[in-house]
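Listed below, chain by chain, are the residues.
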Amino acid sequence: EKGTYPHYMLKEIDEQPLVMRKIIQKYQDKNGGLSIDSEIVEAITAADRVYIIAAGTSYHAGLVGKQMIEKLAGIPVEVHISSEFGYNMPILSEKPLFVFISQSGETADSRAVLVQVKEMGYPALTITNVPGSTLSREADYTLLLHAGPEIAVASTKAYTAQLAVLAIVAEVSAKSRGREIGFDLVQELGIVANAMEALCDSKEIMEHIAREFLTVTRNAFFIGRAVDYYVCLEGALKLKEISYIQAEGFAGGELKHGTIALIEEGTPVIALATQENVNLSIRGNVKEVAARGANPCIISMKGLETDEDTFVLPVVHEQLTPLISVIPLQLLAYYAALHRDCDVDKPRNLAKSVTVE
Ligand code: F6R
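Residues numbered from 1 in each chain as written. Predicted model: local features only at pLDDT ≥ 70, side-chain atom pairs only at ≥ 80, totals over all residues. Heavy atoms only, no water.

- In the nomenclature of an unreviewed UniProt entry, the protein is known as Glutamine--fructose-6-phosphate aminotransferase [isomerizing] of Neobacillus piezotolerans.
- Check the Catalytic activity (unreviewed entry) section of the UniProt entry for the protein; it says "D-fructose 6-phosphate + L-glutamine = D-glucosamine 6-phosphate + L-glutamate".
- Under the UniProt heading Subunit (unreviewed entry), the note attached to the protein is "Homodimer." (UniProt positions renumbered as here; feature names shortened; annotations may be inferred.)

Put into structure tokens, the structure is as follows:
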């Protein structure tokens, strides 16, 4: 039930802090640390490479998950779009572990890959929100998102839940390989939950920003570097699926190789700046588009902000910024769709779970 909320999407955006706390609670062991089923830890430890397979928003979560697992646990990870895997199959490592990320656990494109890799005899783990779903039943192992039912077609809380569970997988894998990650993930996820709460309280500002930047435009660009780039892909997908604004996410440095040709007077360019090591370079990209008439909206993180920024995010650990930087983008998409009179929860041409290949 959506209760007093006008839309499921807004309710689900607001549930994200609760989902974080639920995930911490579900994955916390009696010593207060994080743990996952020992069979799964063994499967990860035995693998020489992880292949993440997913579609849409879950694919975007996979891109962030790759970074977390590689940086924290030192295990090589590839991320593949499920519908492409069949014909663009990479040369597999000797001991691959396949990880399927799927909110619904029913996505046919992902299932086709699961069937294929099971036939090849490889182990598979499904990360899903739906216990007993097809991908969960057919894989060897399952990790649950504990996000509660996601009704709105546009995925929000499942994405951040996927990121949290992937962070836990990364941390637990690091530990099992004797690596020190250098921070306390339970504590940092708690900080994320608090930051999410603060962001969910900033709806009025987001409505205002959406009105200013997105009410009349035909298109919009999202730019970021490093992990911000992946969140930009997700922000653009949210915006296009519910507001029908043509939106694309780009790596900041890639703009000048073509896309900058599309910048016109007033084109909204939403830039994420949450990473210290690319803060200067992404701001350089903002200057390039602004010089060509773009209307830049900079979303930065406290400590990295400048006077020109439109919105400043609270500080979280640099490995976890996607968990909070996506929230303003979800809210911008929501309000843009609302201002443009779109059906937020049931966008045209889309189904909640895509059960055909
Ligand atoms: C976007 C969205 C879709 C799904 C995709 C995969 O908001 O909802 O892109 O993420 O269809 O679905 P699952 O995760 O159920 O496999």
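Once you've had a look at it, read on.
## Some points on the overall build of the protein
Thought 1: The helix and strand inventory of the protein stands at 13 helices and ten strands.
Thought 2: Relative to its length of 357 residues, the protein is compact, with a C-alpha radius of gyration of 20 Å against a globular reference of 21 Å.
Thought 3: With the principal axes as the frame, the protein shows a C-alpha extent of 55 × 45 × 45 Å.
Thought 4: Per-residue burial for the protein yields a buried fraction of 59% across its 357 residues.
Thought 5: Taking the intrachain contacts of the protein between residues at least 6 apart in sequence as the baseline, contacts between residues at least 24 apart amount to 76%.
Thought 6: Distance between charge centroids for the protein: 1 Å, based on 32 positive and 46 negative side chains. (Helix = DSSP H or I, 4+ residues; strand = E, 2+ residues; numbered from the N terminus. Rg over C-alpha atoms; globule rule 2.2 N^0.38 Å. Buried < 20%, exposed > 50% of the residue type's maximum accessible area, 1.4 Å probe, protein only. Contact = heavy atoms within 4.5 Å. Lys, Arg positive; Asp, Glu negative; His and termini not counted. Charge placed at Lys NZ, Arg CZ, Asp CG, Glu CD.)

## Thoughts on the site of the ligand
Thought 1: Close contacts around the ligand come from 14 residues, with Ser58, Ser102, Ser104, Thr107 and Glu241 the closest.
Thought 2: Here an oxygen atom of the ligand sits 2.6 Å away from a polar atom, N or O, in the side chain of serine 102.
Thought 3: One of the backbone nitrogen or oxygen atoms of glutamine 103 is found 2.7 Å away from an oxygen atom of the ligand.
Thought 4: Protein contact buries 89% of the 400 Å² of open area that the ligand shows by itself.
Thought 5: Of all the elements in the fold, those that place two or more residues in the shell around the ligand are helix H4 (56-73) and helix H11 (227-243).
Thought 6: Residues of the shell around the ligand, tallied by class, amount to four nonpolar, eight polar and two charged. (Near = heavy atom within 4 Å. Polar contact = N/O pair within 3.5 Å; in protein donor to acceptor, adjacent residues only side chain to side chain. Areas by Shrake-Rupley, 256 points an atom, 1.4 Å probe, with all protein chains shown as cover. Nonpolar A, V, L, I, M, F, W, Y, C, P; charged D, E, K, R; others polar.)

## Brief notes about the sheet that holds strand E9 (residues 295-301)
Thought 1: An order of E7-E6-E8-E9-E10 is seen for the five strands of this open sheet, with the pairing classed as parallel. Looking along the sheet, the strands with just one partner apiece sit at the ends: strand E7 (246-251) and strand E10 (311-313). Between one strand and the next, the sheet's axes are offset by a mean angle of 20°, whatever the strand orientation.
Thought 2: Of the pairings in the sheet, the one linking strand E6 (residues 219-224) to E7 comprises six bridges and is parallel in character. Bridge pairing in E7 links isoleucine 223 to phenylalanine 250.
Thought 3: Where helix H13 (residues 321-339) meets the sheet, its contacts fall on E6, strand E8 (268-273), E9 and E10, and the angle it forms with E9 comes to roughly 145°. (Pairing = 2+ DSSP bridges. Axes fitted to C-alpha atoms, helices over the stretch in contact; angles between N-to-C directions.)

## Brief notes about the side chain of glutamate 150
Thought 1: Its location among the elements puts glutamate 150 in the loop between strand E5 (141-144) and helix H8 (157-176).
Thought 2: A distance of 3.3 Å separates a polar side-chain atom of glutamate 150 from the backbone nitrogen of lysine 157.
Thought 3: Among the polar contacts listed, one links the side chain of glutamate 150 to the side chain of lysine 352, at a separation of 2.7 Å.
Thought 4: Not counting residues within four places of it along the chain, the set of residues in contact with glutamate 150 comprises Glu12, Gln103, Asn129, Ser155, Thr156, Lys157, Ala158 and Lys352.

## Looking at helix H6 (residues 108-119)
The periodicity of an α-helix, 3.6 residues per turn, causes residues three or four places apart in sequence to face the same way.
Thought 1: Along its twelve residues, H6 runs 16 Å from first to last C-alpha, staying within 8% of the 16 Å computed at 1.5 Å per residue.
Thought 2: The set of residues buried in H6 consists of Ala108, Asp109, Ser110, Val113, Leu114 and Val117.
Thought 3: Where H6 is buried, its residues meet strand E1 (49-54), helix H5 (82-85), strand E3 (96-102), strand E4 (124-128) and helix H7 (134-138). (Expected span 1.5 Å × (residues − 1).)

## Describing the environment of arginine 137
Thought 1: Here arginine 137 is to be found in helix H7.
Thought 2: Note on arginine 137: relative accessible area 55%, which makes it exposed.

## Comments concerning the pattern of salt bridges
Any two side chains of opposite charge can pair, on the condition that their charged atoms come close.
Thought 1: The tally for this structure, following the rule as stated, stands at 18 salt bridges.
Thought 2: Glutamate 15 is the salt-bridge partner of lysine 11, the closest N and O atoms lying 2.9 Å from each other.
Thought 3: Among the salt bridges present, the one from lysine 175 reaches glutamate 171, with a minimum N-O distance of 3.4 Å. Separated by four residues within a single helix, lysine 175 and glutamate 171 lie in helix H8, roughly one turn from each other.
Thought 4: Residue class for glutamate 171 comes out buried when judged on its relative accessible area of 10%.
Thought 5: When salt bridges with common partners are traced through the structure, they connect Lys11, Glu15 and Lys157 into a single cluster. (Salt bridge = Lys/Arg side-chain N within 4 Å of Asp/Glu carboxyl O.)

## Let's talk about the environment of glutamate 171
Thought 1: As a C-alpha pair, glutamate 171 and lysine 71 span 100 residues in sequence and 10.0 Å in three-dimensional space.
Thought 2: In this structure glutamate 171 touches Leu34, Ile181 and Leu185, once residues within four positions along its chain are discounted.

## Some points on helix H9 (residues 185-200)
Thought 1: Taking 1.5 Å per residue, 16 residues should reach 22 Å; H9 reaches 22 Å between its end C-alpha atoms and fits that length.
Thought 2: Three or more residues of H9 are buried, namely Leu185, Val186, Glu188, Leu189, Val192, Ala193, Ala195, Met196, Leu199 and Cys200.
Thought 3: Tucked into the core, H9 has its buried residues touching helix H1 (8-14), helix H2 (16-27), H8, helix H10 (203-214), E10 and H13.
Thought 4: N-cap assignment for H9: the residue whose side-chain oxygen lies 3.1 Å from the backbone N of valine 186 is aspartate 184.

## A closer look at the packing of aromatic side chains
The way to describe two aromatic rings as a pair is by their centre distance and the angle between their planes.
Thought 1: Summed over the entire model, instances satisfying the criterion amount to six aromatic pairs.
Thought 2: For the pair tyrosine 229 and tyrosine 230, a centre-to-centre distance of 5.6 Å together with 40° between the ring planes defines the contact as tilted.
Thought 3: Directly above the aromatic system of tyrosine 244 lies the positively charged group of arginine 348, at a separation of 3.8 Å from the ring centroid. (Phe/Tyr/Trp six-rings, centres within 6.5 Å; stacked < 30°, edge-to-face > 60°. Lys NZ or Arg CZ within 6 Å of the ring centre and 35° of its normal.)

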